[in-house]
Amino acid sequence: MQAPAAVEAPVLILGEDPLVRAHVRHELTELMPATWFEESGTFWEALVLAPSSRLVILSGEVGQFSAEELMHALAHRHPDLPVVSLEPPGSPSA
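Keep in mind it's a predicted model, so treat the numbers as computed, not measured.

What about the environment of serine 40?
Then step 1. Mapped onto the secondary structure, serine 40 falls in strand E2 (residues 37-40).
Then step 2. Distance from serine 40 to arginine 21, taken between C-alpha atoms, is 8.5 Å for residues 19 residues apart in sequence.
Then step 3. Once you skip the residues sitting within four places of it in the chain, serine 40 turns out to touch Leu12, Ile13, Leu14, Gly15, Arg21, Glu45, Ala46 and Leu49.
Then step 4. There is a polar contact of 3.0 Å between the side chain of serine 40 and the backbone oxygen of threonine 42.

Topic: the nonpolar core
Then step 1. If you look at the biggest cluster of nonpolar residues, it comprises 15 residues, and the most contacted ones within it are Leu14, Val56, Leu58, Leu70, Leu74 and Val83.
Then step 2. Elements with a contribution of two residues or more to this core: strand E1 (11-14), helix H2 (43-49), strand E3 (55-58) and helix H3 (67-77).
Then step 3. Residue contributions to this core peak at 4 residues, all from H3.
Then step 4. Here leucine 70 is in contact with Leu14, Phe43, Leu58, Gly60, Glu61, Val62 and Phe65, once residues within four sequence places are set aside.
Then step 5. By size, the runner-up hydrophobic cluster in this structure holds 7 residues, among which are Val11, Val24, Leu28 and Phe37.

Re the sheet that holds E1
Sheets are built from strands paired through backbone hydrogen bonds, the pairs being either parallel or antiparallel.
Then step 1. Spatial strand order, E2-E1-E3-E4: 4 strands in an open sheet with parallel pairing. Each end of this open sheet is capped by a strand with a single partner; those strands are E2 and strand E4 (83-85). Along the sheet, successive strands turn relative to each other by an average axial angle of 20°, direction set aside.
Then step 2. With 4 bridges connecting them, E1 and E3 associate as parallel partners. Within E3, the position partnered with leucine 14 by the bridge is leucine 58.
Then step 3. Contacting E1, E3 and E4, H3 runs over the sheet at an angle of about 165° to E3.

Parameters at a glance
Chains are numbered independently. Their residues run from 1 in the order of the written sequence. The predicted origin of the model limits local features to residues at a pLDDT of at least 70 and limits the giving and counting of side-chain atom pairs to 80 or more, whereas totals for whole chains, interfaces and linings rest on all residues. The basis for the side-chain values is all heavy atoms of the structure; hydrogens and waters are excluded. Runs of H or I in DSSP of at least four residues are treated as helices and runs of E of at least two as strands, each being numbered from the N terminus. Between two residues, a contact is recorded if the distance between any of their heavy atoms is within 4.5 Å. Each polar contact in these results corresponds to two N or O atoms within 3.5 Å; when the atoms are within protein, one needs to be able to donate a hydrogen and the other to accept it, and residues that are neighboring in sequence are counted only if both atoms are side-chain atoms. In plain words, nonpolar cores are sets of buried Ala, Val, Leu, Ile, Met, Phe, Trp, Tyr and Cys residues tied together by side-chain atoms within 4.5 Å. Working definition: with a 1.4 Å probe on protein chains only, accessible area under 20% of the residue-type maximum means buried, over 50% means exposed, and in between means partly exposed. Pairing between two strands requires that DSSP report at least two bridges joining them. Comment: axis = line fitted to C-alpha atoms, over the contacting stretch for helices; angle = value between 0 and 180 degrees taken between N-to-C directions.

Written out as structure tokens, the structure is:
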């Protein structure tokens, strides 16, 4: 009897703009077809979803927080969670 396949934790795509998140998800789905993705457009929701994620990808700012600020906040709260920003460092907030 085979053991059931382990379900990997999702990759969380975090960013305020739903069109940018959808584009990032589309691109990542082509690169990582067997990966489960979740999306969030709010910081509070990201704080809830982050502990059960295997990776957080920042696709832009969220509310008053730049991608760089979000990366630092998530790294502080979840030091073992990889967080990647697609925004160049020092990008101005809109």
